[in-house]
Amino acid sequence: MSVHWNWARTFYCRPRLYVEPKSIDSLRTLLNEINETKSKVRVIGCGHSPSSLSMSNEVLISMKYFNKILEIDEINHEIHCESGVLIRTLNEILPQHNLSLTVQGSVNELTIGGVISTATHGSGIKYGSISSYVRSITLMKLNGDIKEYYLDDDEDLFRCLTCSLGTFGIIISVRLQVSPLFYLELNQKPLEFHTFLNTLSIHYASSDHFRYMWYPHTNSGIAYHLNRVNPRLITNNKKSIFSRIISWFSNSLIGHHLLELLFYFSLYFPSLVRRINRMYAKLEGKTLHKIDRCDKLFNFDCLFRQYASEWAIPLDQAVSCLTELEQSMEQYKNVHFPIEIRFSKDEDLSYLSPAYGRKTCWINTVAYRPYGKIHYQHRSFFQAFEHICHKYNGRPHWAKEHPLKNEDFAQLYPKWNLFKEKREEFDPNNFLINDCLKNVFLN
Ligand SMILES: Cc1cc2nc3c(=O)[nH]c(=O)nc-3n(C[C@H](O)[C@H](O)[C@H](O)COP(=O)(O)OP(=O)(O)OC[C@H]3O[C@@H](n4cnc5c(N)ncnc54)[C@H](O)[C@@H]3O)c2cc1C
């Protein structure tokens, strides 16, 4: 019985049966067995979700061999790909066709099935989560039937399927609206946290993909303004050997290895965290200008293993929420940087997208696990953070840890009951509900 861990190694499971099917027929045979044995089943992409969303001690199906791009329509900017295709693969292949994903999250080692099932987002007030670009979903139901679903066939059902947490069946493939290939111009500069709060609306409205990194326990942060530009503006991005050495020194040695060591010491001396945050705010708070292909600036190094909690706050509550968060910070010694603040538009294509029906400010906190060390000190701050976000009608990121239950979600999502009804039609025996989702849908 193999053990499966998520990327952060914060959760694991020991599935009774772990399978990597290679064809529709083998998937169908598998589902017959599951129906006969009445087993619980989870379908996964990379299984990287930071919470226990992708865990099952019964049957775990990996879609890693459903990894083909089936069609690329360069004229209508649409692709059709199997659900196990990695974002990394799309970032390699699409530019060859003058296309790119419209938005993406911080890392590319994720599958298309995984990102659309959790409404994975990037940043940009004019852009939605990846789910909002889905044009069709081909789903295998638990009885083995396969159908391609479009918005026009059944609007309510489609709006459930586009962010469904793996609760409707097995997503075989997805048609996705993409963009003509674009480049991004990055203007990065230090920006004091209080100035950011006072000018938040100016910042998110003034560039295509704005994000802010705050160094908690300090008034420091970095503003990243990213604007779409013509590829012809690109200058020579090739670095000299000297600048590559400098870059390795600052990114890898100081930005990763020294930081991991310092955070390790801080587990024993928590008051060190404030100093570490202050020191890195100074080291990293530099002005930078760069133009590169979009994926190279959307993605960045998330360093090492970490606990994560992220909430989608209604945009008009963002300043109050962040102000209260800062006030609460005084009680804690050990809040790791960065607290990442991103923005997205109000969505209507996915009933369960945390940005459904409202412009959104995403607030993400992390607590690193240096050298994989398990520690629980972060819990008290995470609880305070969750409490504040919940107070401001925040909706938690589906792939990250949260304490909310069915009754809370009923208050937060206008189409919650409709989603639940549809889900029950597709999975009346709750075979697709694991422990993580029990609280969400059943309790
Ligand atoms: C380092 C890191 C950085 C991240 N950065 C961001 C970010 O910037 N923005 C953001 O929004 N999120 C971010 N996330 C969260 C991440 O995007 C989601 O957890 C995503 O779902 C992971 O993709 P995956 O392929 O590993 O999915 P999994 O963890 O394997 O699955 C996630 C969900 O999708 C379902 N699923 C997957 N494939 C299928 C399928 N074929 N059929 C049916 N259901 C399926 C699973 O059942 C599960 O419910 C990050 C996560 C990590 C680890």
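- If you look the chain up in an unreviewed UniProt entry, it shows as FAD-binding PCMH-type domain-containing protein from Adineta steineri.

**A look at the packing of helix α7 (residues 241-268) against helix α8 (residues 272-284)**
1) Next: Two elements in contact, α7 and α8, have axes separated by 9 Å at closest approach and are oriented at 165°. What the angle tells us is that α7 and α8 run roughly antiparallel. Crossing hand, α7 versus α8: right-handed. Mapping the contact onto sequence places I254, L259, L262, F263, F265 and S266 in α7 and L272, V273, I276, Y280 and L283 in α8.
2) Next: Residues of the contact of α7 with α8, tallied by class, amount to 10 nonpolar, 1 polar and no charged.

**What about unusual backbone geometry?**
1) Next: Across the junction of F337 and P338, the peptide omega takes the value -5°, indicating a cis bond.
2) Next: Along the chain, P338 falls in the loop between α10 (318-329) and β18 (339-344).
3) Next: If you check the backbone angles, L165 has positive phi at about 55° while not being a glycine.
4) Next: Examined against the element boundaries, L165 turns out to sit in the loop between α4 (155-161) and β11 (170-177).
5) Next: One non-glycine residue, H217, lies in positive phi territory at about 70°.
6) Next: Along the chain, H217 falls in the loop between β14 (211-215) and β15 (220-229).
7) Next: Under the C-beta neighbour-count criterion, H217 is labelled buried, with 22 such atoms within 10 Å.

**A few points about the pairing of strand β13 (residues 183-190)**
Moving residue by residue along a regular strand, the side chains alternate between the two faces of the sheet.
1) Next: Judged from the 8 bridges that link them, β13 and β15 form a sheet pairing that is antiparallel. Within β15, the residue paired with E185 across the bridge is N227.
2) Next: Sheet topology note: the β13/strand β16 (residues 288-293) ladder contains 6 bridges and is antiparallel. Each bridged residue has a counterpart across the sheet, and for Y183 the counterpart in β16 is R293.

**Details of the packing of α10 against helix α11 (residues 378-391)**
1) Next: Where α10 contacts α11, the two axes come as close as 10 Å, and the packing angle between them is 155°. In terms of orientation, α10 and α11 fall into the roughly antiparallel class. Remark: the crossing between α10 and α11 carries right-handed chirality. On the side of α10, the interface is formed by C321, E324, L325 and S328, while α11 contributes A384, F385, I388 and C389.
2) Next: For the contact of α10 with α11, the class distribution of residues is 6 nonpolar, 1 polar and 1 charged.

**A few points about the site of the ligand**
1) Next: As a matter of local geometry, the ligand sits amid 33 residues, with G45, G105, G113, G114 and G166 nearest to it.
2) Next: Contributions of two or more residues to the shell around the ligand are made by β4 (41-44), α3 (112-117) and β11.
3) Next: Of all the elements, α3 adds the most residues to the shell around the ligand, at 4 residues.
4) Next: Grouping the constituent residues of the shell around the ligand by class yields 15 nonpolar, 17 polar and 1 charged.

What counts as what
- Residues numbered from 1 in each chain as written.
- Predicted model: local features only at pLDDT ≥ 70, side-chain atom pairs only at ≥ 80, totals over all residues.
- Axes fitted to C-alpha atoms, helices over the stretch in contact; angles between N-to-C directions.
- Helix = DSSP H or I, 4+ residues; strand = E, 2+ residues; numbered from the N terminus.
- Parallel < 35°, antiparallel > 145°, perpendicular 65-115°, else oblique.
- Left-handed = near helix turned anticlockwise from the far one by under 90°.
- Contact = placed C-beta atoms within 7 Å.
- Nonpolar A, V, L, I, M, F, W, Y, C, P; charged D, E, K, R; others polar.
- Buried ≥ 20, exposed ≤ 12 C-beta atoms within 10 Å, placed from the backbone.
- Pairing = 2+ DSSP bridges.
- Near = placed C-beta within 6 Å.

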